[in-house]
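# Observations on the three-dimensional arrangement
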Amino acid sequence: MTIDEKKTKQATVIVGGYEIRSAVFVKAAVSLQGLPKERLPQIAFLGRSNVGKSSLLNALMGSKKLVKVSAAPGKTRELNFFKVNNEFFLVDLPGVGFAKVSNAKRDQMSDFIREYVEKCKDLRGLVYLVDIRHGGTAIDIETVESIRNTGCPVLIVASKRDKVNQSEFAKGIKLIKQRLGLETSPICVSSLKKTGLDELWDEILEAVRQDARS
Ligand SMILES: Nc1nc2c(ncn2[C@@H]2O[C@H](COP(=O)(O)OP(=O)(O)OP(=O)(O)O)[C@@H](O)[C@H]2O)c(=O)[nH]1
Ligand SMILES: [Mg+2]
């Protein structure tokens, strides 16, 4: 184990029918040079600050604290790489549209994410989280559009299912479909209640098995 591999979840757990034998924090990157050298498929998680990216990663990997969860929004500032079953990386990206950092810093970070999405050949797909209560904001629409323009496959996932009742849920799904131009309803997850994780794992594993982008 290298010094970087500080946080390791050892015991095997089954989440959404998928067996996780190991989930390891490998490194945090602030530039393309800092990406892991190991050539494994990567699936990255993006979305507005506070939407629940880090919580979802913990839920997917069957861990409570492998990934830092924000007390205050904007906690995740780097690209954090987690190696699962020695087969692929799940990547926690900084929140989009976070207002509390200076404009210069925010733009720099957005450029870095854009560069990563455009240039990283190992990136097989992006999971873009949208809060079910917000139904897709202008920032979501703009960001998803620019990801689609890079050619990187993007899966829209609604978060925080437990925060809405049935009618709010139906309304949120409808709005997300309309605003983000989806043909089918997005998967909806709750990291708190651990729901929707089976469907999401299926999609992630399918993306991992795709060939690298050219
Ligand atoms: N009720 C509920 N709360 C959630 C859920 N997912 C995340 N949260 C809460 O939402 C807040 C933000 O969660 P994070 O996982 O840190 O969000 P993030 O997208 O990683 O935020 P940044 O790192 O700032 O971009 C925390 O207080 C979480 O506990 C969920 O499924 N249900
Ligand atoms: Mg985070």
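All values derive from a computational prediction rather than experimental measurement.

What follows is about the overall build of the protein chain. Across its full length, the protein chain holds five helices and ten strands. Within the protein chain, the proportion of its 214 residues that are buried is 50%. Total accessible area on the protein chain stands at roughly 11,000 Å², and carbon and sulfur atoms take up 49% of it.

What follows concerns the environment of L123. With respect to the element layout, L123 can be found in strand β8 (residues 123-131). In this structure, the C-alpha to C-alpha distance between L123 and F89, residues 34 residues apart in sequence, is 9.1 Å. The contact partners of L123, leaving out residues within four places of it in the chain, are Q42, I43, A44, Y116, V117, C152 and R213.

Right, let's get into the nonpolar core. Counting residues in hydrophobic clusters, the biggest one holds 35 residues, and the most contacted among them are L79, L93 and Y116. Counting residues in hydrophobic clusters, the runner-up holds 31 residues, among them V15, A23, F82 and I187.

Turning next to the pairing of strand β5 (residues 42-47). The buried fraction of β5 amounts to six of the six residues, a majority that puts the element mostly inside the structure. A two-sided burial pattern is seen for β5, the buried positions comprising Q42, A44 and L46 on one face and I43, F45 and G47 on the other. In terms of strand pairing, β5 meets strand β7 (residues 88-92) through four bridges, oriented parallel. Across the sheet, the residue bridging to Q42 is F89, located in β7. Summarising the sheet, β5 and β8 pair through six bridges and their orientation is parallel. Note on β8: the bridge partner recorded for Q42 is L123.

Let us now look at the pairing of strand β6 (residues 79-84). Burial analysis of β6 places six of its six residues in the buried class, which makes it a mostly covered element. With burial as the criterion, each face of β6 is covered, one bearing L79, F81 and K83 and the other bearing N80, F82 and V84. Examined bridge by bridge, β6 and β7 share five bridges and lie antiparallel to one another. Across the sheet, the residue bridging to K83 is F89, located in β7. The hairpin turn running from β6 into β7, its antiparallel successor, is three residues long, and N85 in that turn takes a positive phi close to 50°.

Once that is clear, we can look at a negative patch on the surface. Negative charge collects at one region of the surface, where D198, E199, D202, E203 and E206 lie side by side. The topology assignment puts E199 in helix α5 (residues 197-208). The class for E199 is partly exposed, based on a relative accessible area of 44%.

What follows is about the pattern of salt bridges. All told, the structure shown has seven salt bridges when counted by the stated rule. Linked by salt bridges that have partners in common, E19, R21 and E87 make up one network.

Below, the discussion takes up helix α1 (residues 53-60). Burial runs high along α1: seven of the eight residues are buried. All of the buried residues along α1 are K53, S54, L56, L57, N58, A59 and L60. Looking at the packing, one finds that the buried side of α1 touches β2 (13-15), β3 (18-20), β5, β7, β8 and α5. Directly beyond the C-terminal end of α1, a positive phi value near 70° is found at G62.

What counts, and where the lines are drawn
- Residues numbered from 1 in each chain as written.
- Chains lettered and ligands numbered in written order.
- Predicted model: local features only at pLDDT ≥ 70, side-chain atom pairs only at ≥ 80, totals over all residues.
- Heavy atoms only, no water.
- Helix = DSSP H or I, 4+ residues; strand = E, 2+ residues; numbered from the N terminus.
- Buried < 20%, exposed > 50% of the residue type's maximum accessible area, 1.4 Å probe, protein only.
- Areas by Shrake-Rupley, 256 points an atom, 1.4 Å probe, with all protein chains shown as cover.
- Contact = heavy atoms within 4.5 Å.
- Core = buried A, V, L, I, M, F, W, Y, C linked by side-chain atoms within 4.5 Å.
- Pairing = 2+ DSSP bridges.
- Patch = residues over 30% accessible without salt bridge, like charges linked within 9 Å, V, L, I, M, F, W, Y side chains within 5 Å.
- Salt bridge = Lys/Arg side-chain N within 4 Å of Asp/Glu carboxyl O.
- Lys, Arg positive; Asp, Glu negative; His and termini not counted.
- Charge placed at Lys NZ, Arg CZ, Asp CG, Glu CD.

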